[in-house]
Amino acid sequence: MDQLFDLVRAGAYGSDPARARISLAFTTSQAVRHQGRTRGYRNEVLSLRLDAAVGSCAVEPGALPDGALDDCVGATVADLLGHPLPAVRIAALDAYLAHARPHAPENGAHPYPLPAGSSLSRSRARARAVVDLLPAYASRSGEGRPVLVVGVVNSLLEQLRARGLDYLPCDLKGGTTEWGEPVLTDTADGLEHCGAILASGMTLGNGTFQALLDHATGTDKPLVMFAQTGSAVLPRFLGAGVSAVSAEPYPFFWLDGGPGTIHRYGDRA
């Protein structure tokens, strides 16, 4: 991550970040409990707009201090890459790279349509698209090593279960899954026991991505990322520890019921 920040600051991706100014900053808050599910959750996302591109970083609900949006509006990307808040730094990096390397076939992206429907049906459609990016070997029950899932999303776990794939759920919130399985709170507890990693882009914002990247690089384990946070950041790590990315820039699938598109990267896309 430090190298990527340095490359962007040096203008390696094109335009000078000191001349790129953020025109709009906003947050999106969501509370959801899908029909048929026993539990709900909340999301909050910081988004920054640079020309036609929007970069995003999820945060814990209520964690952004007063004035964070004001800090961003009119500031240069170069300034925000050094902001004290990790969410601002990641959102600024994401906006810049979405502008410099938009999700398009010439940049390695493969569009994947999401159908219109309810929030649950669209969540399940996205889950199928994400889990398809796991390598074909991925361990069936009793065969091989489980998938470490970092950032518990019930639809992803549901899809893994439907395919008979073992998994280790991990999330900083802890607790249990929809099916009563204990959730690890530290990735170190699962990395040594897994055969592949399926991780949320939220790891960029909470500082845990680098450890996953280092482990995947050192062990050659597949690392598949599903990203609303940092959807334009994570494709830059393809071939350098990350094996595949499901990139979902703003607006996210949960914002409306109409058709949409995610962008998949990697050999299995």
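Residues numbered from 1 in each chain as written. Predicted model: local features only at pLDDT ≥ 70, side-chain atom pairs only at ≥ 80, totals over all residues. Heavy atoms only, no water.

(A) Focus on the overall build of the protein chain. Per the secondary structure count, the protein chain includes nine helices and ten strands. In terms of C-alpha radius of gyration, the protein chain reaches 18 Å, essentially the compact-globule figure of 18 Å for 269 residues. Its C-alpha atoms put the protein chain at 55 × 40 × 35 Å along the principal axes. When the 269 residues of the protein chain are sorted by exposure, 51% land in the buried category. A separation threshold of at least 6 residues defines the contact pool for the protein chain, and within that pool the share at least 24 residues apart is 63%. Of the roughly 11,700 Å² of accessible surface on the protein chain, a fraction of 50% belongs to carbon and sulfur atoms. Here the protein chain holds 23 positive side-chain charges and 27 negative ones, and the gap between their average locations is 6 Å. (Helix = DSSP H or I, 4+ residues; strand = E, 2+ residues; numbered from the N terminus. Rg over C-alpha atoms; globule rule 2.2 N^0.38 Å. Buried < 20%, exposed > 50% of the residue type's maximum accessible area, 1.4 Å probe, protein only. Contact = heavy atoms within 4.5 Å. Areas by Shrake-Rupley, 256 points an atom, 1.4 Å probe, with all protein chains shown as cover. Lys, Arg positive; Asp, Glu negative; His and termini not counted. Charge placed at Lys NZ, Arg CZ, Asp CG, Glu CD.)

(B) Looking closely at the nonpolar core. Counting residues in each nonpolar core, the largest one holds 56 residues, and the members touching the most others are L48, L93, L97, F209 and L223. Here this core takes eleven residues from helix α4 (residues 86-100), the largest share from any one element. What F209 contacts, discounting residues up to four positions off in sequence, is M1, T203, L204, L223, M225, L234, F237 and V242. (Core = buried A, V, L, I, M, F, W, Y, C linked by side-chain atoms within 4.5 Å.)

(C) A look at the sheet that holds strand β7 (residues 196-200). One open sheet accounts for seven strands, arranged β4-β10-β9-β8-β7-β5-β6; its pairing is mixed. Where the open sheet ends on each side, the last strands, each with one partner, are β4 (110-114) and β6 (167-170). With strand direction ignored, the average angle separating the axes of adjacent strands in the sheet is 20°. Contacting β5 (147-150), β6 and β8 (223-227), helix α6 (residues 154-162) crosses the sheet at an angle of about 170° to β6. The strands touched by helix α9 (residues 209-219) within the sheet are β5, β7 and β8, with β8 carrying the most contacts at an inclination of about 150°. (Pairing = 2+ DSSP bridges. Axes fitted to C-alpha atoms, helices over the stretch in contact; angles between N-to-C directions.)

(D) Structural view of the packing of aromatic side chains. Applying the stated criterion to the full structure yields four aromatic pairs. Seen from their ring centres, F26 and Y250 are 5.1 Å apart, and the 75° between their planes marks the pair as edge-to-face. Of this pair, F26 sits in strand β1 (residues 24-32) while Y250 sits in the loop between β9 (244-247) and β10 (260-265), and the two are 224 residues apart along the sequence. Among the aromatic side chains, those forming a connected cluster through ring pairs are F26, Y250, F252 and W254. (Phe/Tyr/Trp six-rings, centres within 6.5 Å; stacked < 30°, edge-to-face > 60°.)

(E) Focus on the environment of Q30. By the element assignment, Q30 lies in strand β1. Each C-alpha atom of the pair Q30 and A232 lies 22 Å from the other, and the pair is 202 residues apart in sequence. At 2.6 Å, the side chain of Q30 forms a polar contact with the side chain of N43. (Polar contact = N/O pair within 3.5 Å; in protein donor to acceptor, adjacent residues only side chain to side chain.)

(F) Representation of the side chain of H103 in the model. With respect to the element layout, H103 can be found in the loop between α4 and β4. Here S231 takes part through its side chain, which lies 3.4 Å from a polar atom of the side chain of H103. Among the polar contacts listed, one links the side chain of H103 to the side chain of Y265, at a separation of 2.6 Å. Once residues lying within four places of it in the same chain are set aside, the contact partners of H103 are A109, S231, A232, A247, P249, H263 and Y265.

(G) Structural view of α9. Among the residues of α9, those classed as buried are F209, L212, L213, H215 and A216. Along α9, the residues classed as buried sweep out an arc of 165° about the axis, all on the same side. Once α9 finishes, D220 follows within two positions and takes phi at roughly 65°, a positive value. (Arc of directions from axis to C-beta.)

(H) Structural detail: the state of the cysteines. Tallied over the entire structure, the rule returns zero disulfides. Unpaired in terms of disulfides, C170 finds its nearest cysteine sulfur in C194, a separation of 10 Å. Overall, the relative accessible area of 2% leaves C170 in the buried class. Taking the relative accessible area as the measure of exposure, C194 reaches 0% and is therefore buried. (Disulfide = S-S within 2.5 Å.)

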